[in-house]
Amino acid sequence: MRVAAEHPPFPVARVHELAEEEPETRWLVRSLWLRTGVALISGHPKTCKTFLGLDLATSVASGTPCLGRFEVEQAGPVLLYLAEDSCSQIRLRVEGLCAVRGLDVERLELRVLTLPALRLDRDEDRRRLHATLRRERPRLLLLDPLVRLHSRDENSSQEMSALLGDLRELQREYDLALVLTHHCGKKSHRDPGQSLRGSSDLYAWVDSLASL
């Protein structure tokens, strides 16, 4: 096959030329969450998935231990979108977390997307999310819950792989930790990843998984 001259080749490096990962920059939250990567907080309804997500977000934004135990190694701005909580509910929850830690909520680097709906499978929403990430440059992006963020068939490997591919691209382009909350299915499994609702692509996609 003849390749047109106007198409440049892909970048290639020999393996010894690839950047090495520094051990001290591996963790966002030590022994709990990677500095960069995609992750899920999973569980059945009412198992405090959103609370864990907010605790994680508050910890990274303030540099205080997550769950009062796990040290934050890469503190920085956090951006979040909670599809099932009003702005006043989010403020109330975060103020409670700050009160326990002795933090001033007005100085917290925690930023909230305030739009009424976000659809990750909508071109316009994806473009606006990219623009927001370029401006805000968060260390952590929390989106909760996955089911409210798209209209695709969660049981379709083809449809979900496209959506998850877009999210992985976001994570890599902006060098951040991306966390989603997601529900478990009705059937229980010994392996928490097998209990995730929908396509098995979800479990294959994650770098970190917290199951409640």
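Refer to the structure printed above.
A short tour of the structure in this document, coming up.

Rules used throughout
- Residues numbered from 1 in each chain as written.
- Predicted model: local features only at pLDDT ≥ 70, side-chain atom pairs only at ≥ 80, totals over all residues.
- Heavy atoms only, no water.
- Buried < 20%, exposed > 50% of the residue type's maximum accessible area, 1.4 Å probe, protein only.
- Helix = DSSP H or I, 4+ residues; strand = E, 2+ residues; numbered from the N terminus.
- Pairing = 2+ DSSP bridges.
- Axes fitted to C-alpha atoms, helices over the stretch in contact; angles between N-to-C directions.
- Parallel < 35°, antiparallel > 145°, perpendicular 65-115°, else oblique.
- Left-handed = near helix turned anticlockwise from the far one by under 90°.
- Contact = heavy atoms within 4.5 Å.
- Core = buried A, V, L, I, M, F, W, Y, C linked by side-chain atoms within 4.5 Å.
- Salt bridge = Lys/Arg side-chain N within 4 Å of Asp/Glu carboxyl O.

1. Describing the pairing of strand β8 (residues 208-211)
Working step 1: Where burial is concerned, the two faces of β8 differ: the one with Ser208 and Ala210 is buried and the one with Leu209 and Ser211 is not.
Working step 2: Of the strand pairs in this sheet, strand β3 (residues 37-43) and β8 are connected by four bridges, and their pairing is parallel. For Ser42, the partnering residue across the bridge sits in β8 and is Ser211.

2. Observations regarding the packing of helix α1 (residues 49-62) against helix α2 (residues 87-101)
Working step 1: Where α1 meets α2, the axes come as close as 10 Å, and the angle between the chain directions of the two elements is 55°. By the angle between their directions, the pair α1 and α2 is classed as oblique. Two packed elements cross with a definite hand, and for α1 against α2 that hand is right-handed. Judged by residue contacts, Thr50, Phe51, Leu54, Asp55, Thr58, Ser59 and Ser62 of α1 engage Arg93, Val94, Leu97, Cys98 and Arg101 from α2.

3. Re the sheet that holds β8
Note: strands within a sheet are paired through backbone hydrogen bonds, in either parallel or antiparallel orientation.
Working step 1: Taken in spatial order, the six strands line up as β5-β4-β6-β7-β3-β8 in an open sheet, and their pairing is parallel. On the outer flanks of this sheet lie β5 (110-112) and β8, each paired with one strand and no other. Neighbour-to-neighbour, the strand axes of the sheet open up by a mean angle of 20°, direction not taken into account.
Working step 2: Alignment of β3 against strand β7 (residues 177-183), held across seven bridges, turns out to be parallel.

4. A short note on the pairing of β7
Working step 1: Where burial is concerned, most of β7 is hidden: seven out of the seven residues are buried.
Working step 2: Across the two faces of β7 the burial is the same, with Ala177, Val179, Thr181 and His183 and Leu178, Leu180 and His182 all buried.

5. Section: the nonpolar core
Working step 1: If you look at the biggest cluster of nonpolar residues, it comprises 28 residues, and the most contacted ones within it are Val29, Trp33, Leu56, Leu80, Leu110, Leu140 and Val179.
Working step 2: Elements with a contribution of two residues or more to this core: β1 (27-29), β3, α1, β4 (78-82), α2, β6 (140-144) and β7.
Working step 3: For Leu80, the residues in contact, after removing those within four places along its chain, are Leu54, Ala57, Ile90, Leu110, Arg111, Val112, Leu113 and Leu142.
Working step 4: Counting 26 residues, the second largest nonpolar core, distinct from the first, contains Leu129, Leu141, Trp205 and Val206.

6. Quick notes on the pattern of salt bridges
Working step 1: Applying the stated rule across the entire model yields 15 salt bridges.
Working step 2: When the shortest N-O distance is used, the salt bridge between Arg122 and Asp125 registers 3.4 Å.
Working step 3: Residue classification places Arg122 among the partly exposed residues on the basis of a relative accessible area of 42%.
Working step 4: Given the relative accessible area of 9%, Asp125 is considered buried.
Working step 5: A salt bridge links Arg135 to Glu136; the shortest N-O distance between them is 2.9 Å.

Fair warning: the whole summary comes from geometry, so function is off the table for now.
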